[in-house]
Amino acid sequence: MASARSQTSPAPETTVFGPEETTGGTDNRTWGEWNPTAESIRPVRGRHRVARQRGGGFARSSTVLGVGVMAAVGAGGIATAQEKPPVPILAGVADSLPDVGSLLSDDDSDKPDSPEDVVAATPLTSAGVTAADTAAGTTDAGEALRARIMEQAEQQQAAAEAAERAAAEKAAAEAAAKEAAEQQEKAEAEKEAARKKAEEEAAKKAEAERLAKLAASYSLPTSSYTLTSSFGQSGEYWSSGQHTGLDFAAPTGTPVKAVHGGTITSAGWSGSYGYRIVLQLEDGTEIWYCHLSSMTVTSGEVSTGETIGRVGATGNVTGPHLHLEVRPGGGDPIDPAAWLRSKGLTL
């Protein structure tokens, strides 16, 4: 190497490559030649070691390029104020350079990579990939983002479907409750109707029994009759302008009976009424029998159904009939038909 340097032009004044030297505030740094040799290049150890690139590629090629640049600088030197022609790299120097692979494999090859190594070895396409993505087998940032967006969309869709199901279940529950309430109301209405019907039937039965008992103690005033004039009927035949009783048309001599047990208080002629018998009942009601042809009993106590006279045509009449009047308490007359029916009798 000394012989190669002696064949070139004399080099400018240089100092040995080392720490910077300053004199009086002036930068007096100068640079000298440095030719790398196998002895001068030592493998980088510790935290400054070159990151190992998985699968080869950029890290290895960068190391080779750096070594080549250092070799070129050592062979050619740093240009000074007077540029000198480049110094070719001797073949011996290139042969003496260590193997690049030795720079990557040293005694610390078994040590785990430091965080700086991991960051340097991580490809840019994996930026933003979380630990959960890596566990799921996703190493691409775009694919991880797409997966997260899809997961979020699925979660929103699931939430919407859950809300829809909840609303449907609520509507179904409300409809079922409404239907149950309607059924309950209908059942209660039917039950109430059945109760009322039963009460009505019971009341009718009781009334029938009562009327049956009354009928046993009451009797129609005559038989073989035809009803001709009813109570309240208007006409010129009656002095008051209205009929005050009930007419039973029957042949003359048809028996007239006591409708109920009582006392005969009056018997005789009574003007337009002809021959009349007044029967007073226990409650004070008076029964008037008018237009009689004859009177069998004119005073005293009589029993239900006992004959007290006979049908005739006396007084103001157009034909033979029994004119019957009912006067509660001896007062104004009421409808005899309604009164007889209230006693269980059928006309």
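Cut-offs used in this document
- Residues numbered from 1 in each chain as written.
- Predicted model: local features only at pLDDT ≥ 70, side-chain atom pairs only at ≥ 80, totals over all residues.
- Heavy atoms only, no water.
- Helix = DSSP H or I, 4+ residues; strand = E, 2+ residues; numbered from the N terminus.
- Buried < 20%, exposed > 50% of the residue type's maximum accessible area, 1.4 Å probe, protein only.
- Contact = heavy atoms within 4.5 Å.
- Areas by Shrake-Rupley, 256 points an atom, 1.4 Å probe, with all protein chains shown as cover.
- Pairing = 2+ DSSP bridges.
- Patch = residues over 30% accessible without salt bridge, like charges linked within 9 Å, V, L, I, M, F, W, Y side chains within 5 Å.
- Salt bridge = Lys/Arg side-chain N within 4 Å of Asp/Glu carboxyl O.
- Lys, Arg positive; Asp, Glu negative; His and termini not counted.
- Charge placed at Lys NZ, Arg CZ, Asp CG, Glu CD.
- Phe/Tyr/Trp six-rings, centres within 6.5 Å; stacked < 30°, edge-to-face > 60°.
- Lys NZ or Arg CZ within 6 Å of the ring centre and 35° of its normal.
- Core = buried A, V, L, I, M, F, W, Y, C linked by side-chain atoms within 4.5 Å.
- pLDDT = per-residue confidence, 0-100.

Q: Help me out: how do you make sense of the overall build of the protein in this one?
A: When helices and strands are tallied, the protein shows eight helices and 11 strands. Evaluated residue by residue, the protein yields a buried proportion of 23% over its 347 residues. A sequence separation of at least 24 residues applies to 59% of the contacts in the protein between residues at least 6 apart. Split by element, the accessible area of the protein, about 22,600 Å² in all, is 55% carbon and sulfur.

Q: Would you mind going over the pairing of strand 7 (residues 275-281) with me for this structure?
A: Residues in a regular strand point their side chains to alternate faces of the sheet. In terms of burial, strand 7 is a largely internal element, five of the seven residues being buried. With seven bridges connecting them, strand 6 (residues 262-269) and strand 7 associate as antiparallel partners. Its bridge partner lying in strand 7, A267 is registered against I277. Hairpin connection from strand 6 to strand 7: five residues lie between these consecutive antiparallel strands, with G271 at a positive phi of about 65°. Where strand 7 and strand 8 (residues 286-295) come together, five bridges link them in antiparallel fashion. Residue pairing across strands places I277 opposite Y289, the latter belonging to strand 8. Remark: four residues form the turn of the hairpin made by strand 7 and strand 8, two consecutive strands paired antiparallel; G284 in that turn has positive phi of roughly 95°.

Q: Which parts of the structure should I look at to understand a negative patch on the surface?
A: On the surface, E179, E182, E185 and E188 cluster together into a negatively charged patch. Following the sequence through the fold, E182 ends up in helix 7 (residues 141-217). Classification of E182 as partly exposed rests on a relative accessible area of 45%.

Q: Would you take a moment to explain the packing of aromatic side chains for this structure?
A: Within a pair of aromatic rings, the relevant descriptors are the distance that separates the centres and the angle that separates the planes. Counted by the stated rule, this structure contains four aromatic pairs. Arranged with centres 5.0 Å apart and planes meeting at 75°, the rings of Y225 and F248 form a pair that is edge-to-face. Of this pair, Y225 sits in the loop between helix 7 and strand 3 (226-227) while F248 sits in strand 4 (residues 246-249), and the two are 23 residues apart along the sequence. A relative accessible area of 22% places Y225 in the partly exposed class. Aromatic pair Y273 and W288: ring centres 5.7 Å apart, planes at 90°, arrangement edge-to-face. Residue Y273 is located in the loop between strand 6 and strand 7, and its partner W288 is located in strand 8; the two are separated by 15 residues in the primary sequence. Residue W288 is classed as buried on the basis of its relative accessible area, which comes to 12%. Sitting above the plane of the W288 ring, R276 keeps its charged end 4.4 Å from the centroid.

Q: What's the story with unusual backbone geometry in this structure? I'm lost.
A: If you check the backbone angles, S224 has positive phi at about 50° while not being a glycine. Examined against the element boundaries, S224 turns out to sit in the loop between helix 7 and strand 3. At H291, a position not held by glycine, the phi torsion is positive, near 65°. Looking at the element boundaries, H291 is found in strand 8. Classification of H291 as buried rests on a relative accessible area of 4%.

Q: Looking at this model, I keep getting lost on the nonpolar core. Mind explaining?
A: Counting residues in hydrophobic clusters, the biggest one holds 27 residues, and the most contacted among them are L279, I287, Y289, I308 and W339. Among the secondary structure elements, those contributing two or more residues to this core are helix 7, strand 4, strand 7, strand 8, strand 10 (307-311), strand 11 (321-327) and helix 8 (336-342).

Q: Quick question: what am I supposed to make of the confidence of the model for the protein here?
A: Any residue range with low pLDDT should be treated as having predicted coordinates unsuitable for detailed reading. Residue-level pLDDT values for the protein average 76, and 59% of them are 70 or greater. Here residues 55-59 is a poorly scored stretch, pLDDT under 50, and it has three contacts once near neighbours within four places are set aside; other chains count. This model gives residues 75-82 a pLDDT under 50, and the stretch forms 12 contacts once residues within four places in sequence are excluded.

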